[in-house]
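Notes for the structure review
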Amino acid sequence: MMSLHGSSVDVLKAIFKVADVELRVGQTQVSKALGFEVYPGEMLAILGRNGVGKSTLLSCLAGLPRGEMAGDILLGGKTYQAWGDRASACWRGWLAQKQQDQFSATVLETVISGRHPHLNRWSWESADDRALALASLAAVGMTDFAARDVLTLSGGERQRVAVATILTQNPTLYFMDEPLAHLDLNHQIEVLNLLRAKAKRERVSAIMVLHEPGLAHRYCDSALLLFGEGEWLYGSASAVLTADNLSRLYGYPLLQIENPGADGQVQRWFVPA
Ligand SMILES: Nc1ncnc2c1ncn2[C@@H]1O[C@H](COP(=O)(O)OP(=O)(O)OP(=O)(O)O)[C@@H](O)[C@H]1O
């Protein structure tokens, strides 16, 4: 268990702190003594093999307990319990791994539902809420689908609606379980560009489960690797996302390829050896 972090963000106040988190689900030990902090504007990727416990951990970090957990999770300096359900729902957004629609609803109604934590019990969505929902739909290129029934959408279209919904909720901290699921390459980049720009502009932060280490390196500031048996490695994306660490993580030898990106950053891609 190790932390490898640079000092560039240390001058800021962390908005999210995790200390000594022990987590087990069924027979799986997900983490032992896990600790890290997230700062305003930071994007953190969680990576690991299937079944290692990424979703279980993300859910616990988002205050939606799964499995047996001990340790401290502080959002803006307070526990979820101290915030209460409604206040914490305004602070943090949750994008689930699977979108499960039970009933017919239009795309716009679904996206506007992101505003619900912000509304009083008896109030309806305002014109501002609707404008925010429409802007979020436009941001993911789904404006033309506003009147469509969500039950008729393709997997990738439904995922873009889920991203628009969390954008409409407009939380300070985004928890996203595989936000790129079902998306083609073009839309994967579009969603990550959108989040990166929002993090930079509005200082919101994101913790997300990703399966593509090259994209995690390109878009995230930090990374948390879950190795199984509770072992983990956390630190800056460039320190953690290396061929050695990822070969160990996935149990398969990987080659690292570096390429200068248009933004002047060195991009790192990993391919099976
Ligand atoms: N309620 C449960 N009872 C027993 N085992 C469970 C329970 N929930 C999850 N598990 C197991 O715990 C492990 C971790 O599950 P989790 O969904 O967190 O993995 P993951 O890393 O997100 O996987 P994937 O990459 O496949 O989405 C899996 O082996 C899963 O089968």
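Residues numbered from 1 in each chain as written. Predicted model: local features only at pLDDT ≥ 70, side-chain atom pairs only at ≥ 80, totals over all residues.

Applicable threshold: UniProt positions are given in the numbering used here, feature names are shortened, and annotations may be inferred rather than shown by experiment.
An unreviewed UniProt entry annotates the protein chain as ABC transporter ATP-binding protein originating from Fluviibacter phosphoraccumulans. The record in UniProt for the protein chain states the following under Function (unreviewed entry): "Part of the ABC transporter complex HmuTUV involved in hemin import. Responsible for energy coupling to the transport system."

Quick notes on helix α6 (residues 155-169)
Just so we agree on the cut-off: The numbering of helices and of strands both runs from the N terminus, where a helix is a DSSP run of H or I of at least 4 residues and a strand a run of E of at least 2. What a helix is expected to span follows from its residue count: subtract one and scale by 1.5 Å. Around each residue's C-beta, the other C-beta atoms within 10 Å are counted; 20 or more make the residue buried, 12 or fewer make it exposed, and counts in between make it partly exposed. All C-beta atoms are placed from the backbone.
The end-to-end C-alpha distance of α6 is 21 Å, a good match for the 21 Å that 15 residues give at a rise of 1.5 Å each. The element α6 is largely enclosed, with a buried count of 13 among its 15 residues. Two residues or fewer past α6, N170 is found with a positive phi of approximately 60°.

Section: helix α1 (residues 54-61)
Burial analysis of α1 places 7 of its 8 residues in the buried class, which makes it a mostly covered element. Along α1, the positions that sit buried rather than exposed are K54, T56, L57, L58, S59, C60 and L61. Count one or two residues on from α1 and you reach G63, which has phi positive near 80°.

Considering the environment of V21
Heads up, the condition is: Remark: residues whose backbone-derived C-beta atoms lie within 7 Å of one another are considered to be in contact.
Checked against the element boundaries, V21 lands in strand β2 (residues 16-25). Once the C-alpha coordinates of V21 and S59 are considered, the two residues, 38 residues apart in sequence, prove to be 13 Å apart. Once you skip the residues sitting within four places of it in the chain, V21 turns out to touch S31, L34, M69, G71 and I73.

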